[in-house]
Amino acid sequence: MKIKIICPRWPEGSIWRHFIFRFPYLSLTTLAALTPEDVEVTIEDENVQEINYQDQPDLVAVSIITPLANRGYAIADQFRKLSIPVVMGGVHATWMAEEAGQHADAVVLGEAEKVWPRVIADFRKGSYQRIYREESRPDLQNLPVPRRDLLKKRVYFFTNTMQISRGCPFQCDFCSVTAFFGHTCRLRPLKEVRKEVELLLKEKNFIFFMDDNIIANPAYARDLFSLLKEYRIKWLSHASVNIAENDDLLKKAGESGCYGLFIGFESLSQKTLQDHHKTTNRVDRYREFVKKIHDQGIGIEGSFIFGSDEEDPSVFQQVVDFCEETKIDAAVFAILTPYPGTRIYEQYTREERIISRNWDLYDMNHVVFRPKRMTIEQLQEGHDLANQRFYSYPSMLKRFWPLRRSHQVFLPSNWGMRRAWKFLAKSTLRG
Ligand code: B12
Ligand code: SF4
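Residues numbered from 1 in each chain as written. Chains lettered and ligands numbered in written order. Predicted model: local features only at pLDDT ≥ 70, side-chain atom pairs only at ≥ 80, totals over all residues. Heavy atoms only, no water.

Asker: Please clarify how the packing of helix 13 (residues 315-325) against helix 15 (residues 376-390) should be interpreted in this entry.
Answerer: Packed helices, taken two at a time, are described by the angle between their axes plus the distance between the axes. Interhelical geometry of helix 13 versus helix 15 gives an angle of 20 degrees and a closest axis separation of 9 Å. Regarding the angle of helix 13 to helix 15, the classification is roughly parallel. For the crossing formed where helix 13 meets helix 15, the hand is right-handed. Residue-level contacts link Phe316, Gln317, Val320, Asp321, Cys323 and Glu324 of helix 13 to Gln378, Leu379, Gly382, His383, Ala386, Arg389 and Phe390 of helix 15. Counted by class, the contact of helix 13 with helix 15 contains 6 nonpolar, 4 polar and 3 charged residues. (Axes fitted to C-alpha atoms, helices over the stretch in contact; angles between N-to-C directions. Helix = DSSP H or I, 4+ residues; strand = E, 2+ residues; numbered from the N terminus. Parallel < 35°, antiparallel > 145°, perpendicular 65-115°, else oblique. Left-handed = near helix turned anticlockwise from the far one by under 90°. Contact = heavy atoms within 4.5 Å. Nonpolar A, V, L, I, M, F, W, Y, C, P; charged D, E, K, R; others polar.)

Laid out in structure tokens, this is it:
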């Protein structure tokens, strides 16, 4: 049996289509690793290669997050026209199973670990279900090592990514992670983490841990950082800003080789955070926290969301000023996006505020809902200009002086974002 696993490309007009520092999605290499050994498996990531429609696999597996859904459907339709069956899975397919089912022979809801071998066995037999859903979530012991060997490695910025935990105890209303992965943070045994880290270090001394919050369980994080300190390693991950409330943990993160953390600040208004149920953040301590994190040699990619109900057009300048004053190393200025599966999706649907369900626009860089205290145009323009200002040379100069060790990661990423935003500003692709 031959299975081809596919990731669709980002739509035209999305910043991620034009950001050249790419890394592969773990869903692809994870699914490949879960595939029985006697099956020939290949991966095609359309973001870095063309899809081959000629090689006649027995089954095609398409992984979709929301902004990739339309393209995923088009690819699926094409394979099905060639009489090749298609299975779909991933976050978007899970929340929009009926829609995905119109383009696939079967849809897998939720995590694949337990159910994927059964899906393959059913397709081999020729009698499969339309929907597969595993009620219990997999524990994270004995996970197979993702099949990075199947990737076209040279076309990615790097491929050294791995995951240590799943699930989040919080429930921010714009995020579907908790609904998808559960309230409890499941953790991989440290001895298995050690094995995979050692494997990755053979490639490069640089690792991106694709976790939602690497400090979700502080006791485990402390042990993890001690483990990482044994190696000469540079690593990146996501963490909540309250890592700076725990001096010991923060120091350990820095000493273990943490060069950068992706941190969801989301807003400079406590009221807005409260409205979104983002309970971990204390706005009045942001400046102090950024300084403490920087002092440990850790760079920050700050994530901010624009368009919340309390915000008016003054928000853009306030946020960029804050980022420049605190010398935030990189930023993702995103437009609030009501992804299926989130509470904000339900709320805006009820309030009839969603203006587009064209998933191509669900990249957090396009307005797809009606904001309250600014117009759709003000939100779009304010967001675009904030990104262009932040990734201008004067802003980079302000933020990158004095130099810190983490700048070896963030200077190239700023340059990449600057290049992508410049391209989009000039192009007619931006709708
Ligand atoms: C790491 C991460 C990033 C990193 C790296 C992205 C990358 N290239 O991998 C960075 C910081 C760059 C990033 C950026 C963004 N991200 Co992100 N990211 C994540 C995060 C935390 C982990 C992704 C991961 O590796 N998961 C581990 C894999 C194994 O899980 P998985 O993909 O879900 O796959 C499992 C199942 O879904 C299933 N499955 C998946 N596909 C298939 C297919 C088949 C056929 C089957 C059977 C099963 C199956 O099986 C897998 C194993 O169980 C997730 C949240 C999360 N916890 O997953 C958000 C997440 C994927 N990101 C999200 C978003 C929105 C973005 C941005 C658009 C944000 C922005 N402000 O711009 C950008 C887009 C950038 C990009 N190029 O992708 C959203 C997507 C929401 C949606 N509905 O589409 C998520 C889910 C977070 C959220 N808020 O809900 N992200
Ligand atoms: S945004 Fe972060 S803290 Fe909030 S629910 Fe999602 S993963 Fe958890």
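Asker: Looking at this structure, I do not really get the site of ligand 1. What am I missing?
Answerer: The environment of ligand 1 is formed by 41 residues, the closest being Tyr25, Ser63, Thr66, Glu113 and Asp212. The separation between an oxygen atom of ligand 1 and a polar side-chain atom of tyrosine 25 is 2.5 Å. The contact in question runs from a nitrogen atom of ligand 1 to an N or O atom on the backbone of glycine 90, over 3.5 Å. Breaking the shell around ligand 1 down by element, the ones donating at least two residues are helix 2 (26-34), strand 3 (59-63), strand 4 (86-89), helix 7 (177-181) and strand 14 (330-335). (Near = heavy atom within 4 Å. Polar contact = N/O pair within 3.5 Å; in protein donor to acceptor, adjacent residues only side chain to side chain.)

Asker: Explain the environment of threonine 66 here, please?
Answerer: Locating threonine 66 in the fold gives a position in the loop between strand 3 and helix 3 (69-81). Between the alpha carbons of threonine 66 and phenylalanine 19 there is a distance of 18 Å; along the sequence they are 47 residues apart. Setting aside residues no more than four positions away along its own chain, threonine 66 makes contact with His92, Tyr339, Pro340, Trp359 and Tyr362. A polar contact of 2.9 Å, which involves the side chain of threonine 66, links it to the side chain of histidine 92.

Asker: Is there a simple way to explain unusual backbone geometry in this structure?
Answerer: Excluding glycine, a negative phi dihedral is what most residues carry, and trans is how most peptide bonds are arranged. Residue proline 402 is reached from tryptophan 401 by a cis peptide bond, and omega for that bond is 0 degrees. Inspection of the secondary structure puts proline 402 in the loop between helix 16 (393-399) and helix 17 (407-426). Non-glycine residue serine 83 carries a positive phi angle of around 65 degrees. Take serine 83: it is sitting in the loop between helix 3 and strand 4.

Asker: Before we go on, may I ask you to explain the nonpolar core in this structure?
Answerer: One recurring pattern in soluble globular proteins is that nonpolar side chains are buried together. Ranked by size, the top nonpolar core spans 106 residues in total, and within it Met88, Ile214, Phe225, Trp235 and Phe333 carry the most contacts. Shared between two domains, this core holds at least three residues of each, these being domain 1 (2-133) and domain 2 (160-426). Leu31, Leu34, Val87 and Trp116 belong to the second-largest nonpolar core, a separate cluster that totals 27 residues. (Core = buried A, V, L, I, M, F, W, Y, C linked by side-chain atoms within 4.5 Å. Buried < 20%, exposed > 50% of the residue type's maximum accessible area, 1.4 Å probe, protein only. Domains from an automatic or database assignment.)

Asker: Can you walk me through the sheet that holds strand 13 (residues 299-306) in this structure?
Answerer: Hydrogen bonds between backbone atoms are what pair the strands of a sheet, whose relative direction is either parallel or antiparallel. Spatial strand order, 7-10-11-12-13-14: 6 strands in an open sheet with parallel pairing. At either margin of the open sheet sits one strand with a lone partner, and together these are strand 7 (161-162) and strand 14. In terms of strand pairing, strand 7 meets strand 10 (residues 206-209) through 2 bridges, oriented parallel. Looking across to strand 10, one finds that threonine 161 is bridged to phenylalanine 208. The strands that helix 15 touches are strand 13 and strand 14; relative to strand 14, the one it contacts most, it runs at about 170 degrees. (Pairing = 2+ DSSP bridges.)

Asker: When you look at the domain arrangement of the chain in this model, what are you seeing that I'm missing?
Answerer: Reports often express the size of an interface as the amount of accessible area lost when the parts come together. Assigned domains within the chain: domain 1 (2-133) and domain 2 (160-426). Across the boundary between the two partners, domain 1 contributes 28 residues, which contact 32 residues of domain 2. When the two sides are added together, the surface that domain 1 and domain 2 hide from each other amounts to roughly 2600 Å², 70% of it contributed by carbon and sulfur. Considering only the side of domain 1, the residues that lose the most area to domain 2 are Ile15, Trp95 and Glu111, jointly responsible for 25% of the buried surface there. Our count for the domain 1 to domain 2 interface comes out at 3 salt bridges. Between glutamate 111 and arginine 186 there is a salt bridge whose closest N-O contact spans 2.9 Å. Where domain 1 packs against domain 2, one counts 8 residue pairs in polar contact (both at pLDDT 80 or more). Put simply, the parts of the chain that give the side of domain 1 that touches domain 2 at least two residues each are helix 1 (15-18), helix 2, helix 3 and helix 4 (91-95). The element best represented in the side of domain 1 that touches domain 2 is helix 4, accounting for 4 residues. (Buried area = accessible area lost by both parts, 1.4 Å probe. Salt bridge = Lys/Arg side-chain N within 4 Å of Asp/Glu carboxyl O.)

Asker: Even after reading the chapter, I still don't get the packing of helix 15 against helix 17, so can you show me in this structure?
Answerer: Running from N to C, helix 15 and helix 17 cross one another at 135 degrees; their axes reach a closest spacing of 9 Å. Judged on the interaxial angle alone, helix 17 and helix 15 are oblique. The two elements helix 15 and helix 17 meet at a crossing, and its hand is left-handed. Contacts between helix 15 and helix 17 pair His383, Asp384, Asn387, Gln388 and Phe390 from the former with Asn414, Trp421 and Ala425 from the latter. In terms of residue class, the contact of helix 15 with helix 17 is built from 3 nonpolar, 4 polar and 1 charged.

Asker: What should I look at first to understand the site of ligand 2 in this one?
Answerer: Around ligand 2, the neighbouring residues are Cys168, Phe170, Cys172, Phe174, Cys175, Thr178, Asp212 and Lys278. Here the shell around ligand 2 is built from residues that sort into 5 nonpolar, 1 polar and 2 charged.

Asker: Would you explain the pattern of salt bridges in this entry?
Answerer: Applying the stated criterion across every chain yields a total of 38 salt bridges. Linking glutamate 255 and lysine 251 is a salt bridge whose minimum nitrogen-to-oxygen distance equals 3.1 Å. Of this pair, glutamate 255 and lysine 251 both sit in helix 10 (residues 247-255), separated by 4 residues, roughly a single helical turn. Taking the shortest distance from any N to any O, the salt bridge between arginine 285 and glutamate 288 comes out at 2.7 Å.

Asker: Just checking my understanding: could you explain empty space enclosed by the protein for this structure?
Answerer: Where empty space is left becomes clear once a probe the size of a water molecule has been rolled over the atoms. According to the stated counting rule, one finds 2 cavities of 30 Å³ or more in the structure shown. In this structure, the second largest cavity occupies an estimated 50 Å³ of space. Every residue lining the second largest cavity is listed: Ile164, Ser165, Cys185, Leu187, Asp211, Asn213, Ile214, Ala216, Asn217 and Tyr220. A class-by-class count of the residues in the lining of the second largest cavity yields 6 nonpolar, 3 polar and 1 charged. (1 Å grid on protein atoms, 1.4 Å probe; cavity = no way out; pocket = protein on both sides within 12 Å on 5 of 7 lines; lining within 4 Å. Points joined across faces, edges and corners; volume = space filled by probe spheres on them.)

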